[in-house]
Amino acid sequence: MGLFSRRDRPPKAAANPQPSVANSQSKSSLTSGSSSIVSPINTNARIMNRTSAGTTSTTGGPGTPLTPFSPGPVPNIAMPRPPDPQLDPAGYLRSLGAVRERCKIVTEKALRNELNHFDVDMGKFSDVVSFRDYDAPFNTIPPHGRYQHFGVGGRDRIAHLLATFPEEVDNTEKCKRMIDLFLVSVLLDAGAGTSWSYKSPENGRIYRRSEGIAVASLDMFKAGLFSGNASNKYQVDKEGLRQLSVEKLANGLQSRPGNEMAGLEGRSQLLIRLADALENKDFFGEDGRPGNMLDHILSHPATQASSVIIVPLPVLWNVLMNGLAPIWPPSRTAINGVSLGDAWPCSSMPQPAQSPTSPTFSPFPNTTGQANGVAPWESILPFHKLTQWLTYSLMQPMQSIMKIQFAGQELLTGLPEYRNGGLFVDMGVLTLKPADMERGLKHYAEYCQRTGTRGVEVAPMFEPSDDVIVEWRGVTVGFLDRLAEEVNKALKNELAGHELSLAQVLEAGSWKGGREIAEVSRPNTKEPPILIDSDGTVF
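All values derive from a computational prediction rather than experimental measurement.

So, how was this worked out
Residues numbered from 1 in each chain as written. Predicted model: local features only at pLDDT ≥ 70, side-chain atom pairs only at ≥ 80, totals over all residues. Heavy atoms only, no water. Helix = DSSP H or I, 4+ residues; strand = E, 2+ residues; numbered from the N terminus. Contact = heavy atoms within 4.5 Å. pLDDT = per-residue confidence, 0-100. Axes fitted to C-alpha atoms, helices over the stretch in contact; angles between N-to-C directions. Parallel < 35°, antiparallel > 145°, perpendicular 65-115°, else oblique. Left-handed = near helix turned anticlockwise from the far one by under 90°. Nonpolar A, V, L, I, M, F, W, Y, C, P; charged D, E, K, R; others polar. Buried < 20%, exposed > 50% of the residue type's maximum accessible area, 1.4 Å probe, protein only. Polar contact = N/O pair within 3.5 Å; in protein donor to acceptor, adjacent residues only side chain to side chain. Core = buried A, V, L, I, M, F, W, Y, C linked by side-chain atoms within 4.5 Å. Salt bridge = Lys/Arg side-chain N within 4 Å of Asp/Glu carboxyl O. Disulfide = S-S within 2.5 Å. Phe/Tyr/Trp six-rings, centres within 6.5 Å; stacked < 30°, edge-to-face > 60°. Lys NZ or Arg CZ within 6 Å of the ring centre and 35° of its normal.

**Thoughts on the environment of Ala250**
At step 1: On the secondary structure map, Ala250 appears in helix 8 (residues 246–252).
At step 2: Separated by 11 residues in the primary sequence, Ala250 and Met261 place their C-alpha atoms 7.9 Å from one another.
At step 3: Setting aside anything within four residues of it in sequence, one finds Ala250 in contact with Ser255 and Leu264.

If you want it as structure tokens, here you go:
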């Protein structure tokens, strides 16, 4: 049995029907992420027989809600090319197309085992391919997105929320409300830390990690915490966000001594800066609301409206990348004063003859043996993980409620974050080199001393800008593409001429697989094999 292997299903438990937005055949089930593994397993074995850390128990669990956000047909139209990097390097590195193109350079080095910080064993890649998670039928796997996290515990909270809106709330307004909610929820969705959990006021259950943040953000949204409109608490707008504070967000997230949310200050500042970004009337309208991007997208000249609304993905990307640019910390890498967002210098990329020292370009140690004539921009590796996570997630309500089809979804990459990347480390494909391991362990010891954290399960730790992390993330993007290709080859007969999209492989395999193998390898903390000393604005 492999990554998407079949097995017998237990009878469905009886459950009351739940309201849904649209029909789907998805049979994926979601819980708080607690592992159902009860005994140690051999992580070197090719076959991993266990239930998913993102699924309910196979006995006595609730029926699975039908997700209204299943993948639809993907139109095939010509996409615009990214800007020419020689003429507009900042524009190129901020483009979606640059992520895969630049990460390919690091990935090719990995395939030759020439990375600066990791040893690579491609002989173990087949173990990642065969790491099992979702069951057949494979074509009903939903694409990776924030929506699934709201369904923790088998309850379709989004469908329930939509069902509570009065009849006069039309589909356009429903979609805007979901865009508002999903955007704030994604911006809050960085690693929560091992000590944090959220107790639902609705049912008293405890939720952790991404699902816990999803439920908490939904509860805050329903309470009107993000709205400055007295007549509609179910929205996010610039006035509501300006009223936010670290204390208000901490209260909404139930963050307190003994239950601290990691990076709370960074998350708070991200949402407060979002208020300034929402001043852009072209994207977010007069009232400065994320959901108003729907009006911009539908009226865009590149949007095709006939029997089906077709939106080129770069239209949505432009709103998120340029419209949300003011929210990112000013410390991020910049070229000529233009912030690049989630893009970082990397020593595994081509190096300029001299290391840049300008304050508008993050300096880093130059490597030897590089030829002259390399432009400074070539040393930067772009990821735009949070913007891509937003793109995956915001497409979901627009596809379901407004029946919009997005062309060019193949431009999106796998998300370079610690669950996807951790899978390759825990499965032995990537091994941190000894000198970096020693340096990371020293950083972790200093972190524990600084924060008073008990080192239950010791792991190397680095800053998000550290060259180890940047190289790891670049390889992760390339390896996720390779994983999708190999999974489709393994399932060729069962897929009967069809293919799983990268977004489906992310949802069914790598993200939950990375979480599961972390639970096996580090059962006390369930943390990834490499820790990030993050401020809550990257991961």
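Once the structure has been displayed, the description carries forward.
**A few points about the confidence of the model for the chain**
At step 1: Confidence in the prediction for the chain averages 81 pLDDT; 80% of positions are at 70 or higher.
At step 2: For residues 1–71, every residue scores under 50 in pLDDT, and the model assigns this stretch 179 contacts once sequence neighbours within four places are set aside.
At step 3: In the model, residues 356–371 has pLDDT below 50 throughout and makes 31 contacts with residues more than four positions away in sequence or in other chains.

**Overview of the packing of helix 5 (residues 171–188) against helix 13 (residues 385–401)**
At step 1: Where helix 5 contacts helix 13, the two axes come as close as 9 Å, and the packing angle between them is 160 degrees. By the angle between their axes, helix 5 is roughly antiparallel relative to helix 13. Here the hand of the crossing between helix 5 and helix 13 comes out right-handed. On helix 13, the residues that touch Asn171, Lys174, Cys175, Met178, Ile179, Phe182, Leu183, Val186 and Leu187 of helix 5 are Leu386, Trp389, Leu390, Ser393, Leu394, Gln396, Pro397, Met398 and Ile401.
At step 2: Of the residues contributing to the contact of helix 5 with helix 13, the split by class is 14 nonpolar, three polar and one charged.

**Structural notes on the side chain of Ser347**
At step 1: Turning to its location among the elements, Ser347 is positioned in the loop between strand 8 (343–345) and strand 9 (380–382).
At step 2: Judged by its relative accessible area of 11%, Ser347 falls in the buried class.
At step 3: In this structure the side chain of Ser347 is engaged in a polar contact, spanning 2.9 Å, whose partner is the side chain of Asn116.

**Side note on the side chain of Asn292**
At step 1: Examined against the element boundaries, Asn292 turns out to sit in the loop between helix 10 (281–284) and helix 11 (293–299).
At step 2: Here the side chain of Asn292 touches Phe284 through a polar contact of 2.9 Å, landing on its backbone oxygen.
At step 3: Looking at Asn292, its side chain comes within polar contact range of the side chain of Asp287, at 2.6 Å.
At step 4: Excluding anything up to four places from it in sequence, Asn292 contacts Lys176, Phe283, Phe284, Gly285 and Asp287.

**Observations concerning the nonpolar core**
At step 1: With 123 residues, the main nonpolar core has Leu271, Leu274, Met293, Met398 and Leu430 as its most contacted residues.
At step 2: Once residues within four sequence positions are removed from consideration, Leu271 is found in contact with Val184, Leu187, Leu188, Phe226, Leu241, Leu244 and Leu249.
At step 3: Of all hydrophobic cores here, the second largest spans 10 residues; its members include Ala90, Ala98, Ile335 and Ala343.

**Describing the pattern of salt bridges**
At step 1: Within this structure, the stated rule accounts for 23 salt bridges.
At step 2: Among the salt bridges present, the one from Arg522 reaches Asp426, with a minimum N-O distance of 2.6 Å. Of this pair, Arg522 sits in the loop between helix 18 (502–521) and strand 13 (531–532) while Asp426 sits in helix 14 (residues 418–426); the two residues are 96 residues apart in sequence, bridging distant segments of the chain.
At step 3: Take Asp426: its relative accessible area is 14%, and that puts it in the buried class.
At step 4: One salt bridge connects Glu485 with Lys489, and the closest N-O pair in it is separated by 3.6 Å. In this pair, Glu485 and Lys489 are both assigned in helix 16 (residues 467–490), four residues apart and thus about one turn of the helix distant.
At step 5: Each of Lys238, Glu239, Arg242, Asp276 and Glu279 takes part in salt bridges that share partners, so that together they form one network.

**Quick notes on the state of the cysteines**
At step 1: The full count for this structure, using the stated rule, is zero disulfides.
At step 2: Of all cysteine sulfurs in the structure, the one in Cys103 sits closest to Cys346, which takes part in no disulfide; the separation is 8.9 Å.

**Considering helix 14**
At step 1: Counting buried residues along helix 14, nine of its nine residues qualify, which places the element largely inside the surrounding structure.
At step 2: Where the residues of helix 14 are buried, they touch helix 3 (125–129), helix 6 (209–222), strand 11 (430–432), helix 16 and helix 18.
At step 3: N-capping of helix 14 is provided by Glu417, with a side-chain oxygen placed 3.2 Å from the backbone N of Arg419.
At step 4: Just beyond helix 14, the residue with positive phi is Gly428, at close to 90 degrees.

**Observations concerning the packing of helix 2 (residues 96–111) against helix 16**
At step 1: In the contact formed by helix 2 and helix 16, the axes pass within 8 Å of each other and the chain directions differ by 90 degrees. It follows from the interaxial angle that helix 2 and helix 16 lie roughly perpendicular. On the side of helix 2, the interface is formed by Arg100, Cys103, Val106, Thr107, Ala110 and Leu111, while helix 16 contributes Glu471, Gly474, Val475, Val477, Gly478, Phe479, Asp481 and Arg482.
At step 2: In the contact of helix 2 with helix 16, the residues fall into seven nonpolar, three polar and four charged.

**Regarding the packing of aromatic side chains**
Aromatic rings in a pair are described by how distant their centres are and how their planes are angled relative to each other.
At step 1: Within this structure, the stated rule accounts for nine aromatic pairs.
At step 2: When the centroid spacing of 6.2 Å and the interplanar angle of 50 degrees are considered together, the rings of Phe221 and Tyr234 count as tilted. Of this pair, Phe221 sits in helix 6 while Tyr234 is found in the loop between helix 6 and helix 7 (238–242), placing the two residues 13 residues apart along the sequence.
At step 3: Residue Phe221 is classed as buried on the basis of its relative accessible area, which comes to 1%.
At step 4: Each ring, one from Phe283 and one from Phe284, has its centre 6.0 Å from the other, and the planes form 70 degrees; the classification is edge-to-face.
At step 5: Among the aromatic residues, those joined into a ring-pair cluster are Phe125, Phe424 and Phe479.
At step 6: Directly above the ring of Phe165 sits Arg177, whose terminal nitrogen or CZ lies 4.5 Å from the centroid.
At step 7: Above the plane of the ring of Phe125 lies Arg482, whose end atom (NZ or CZ) is 5.7 Å from the centre.

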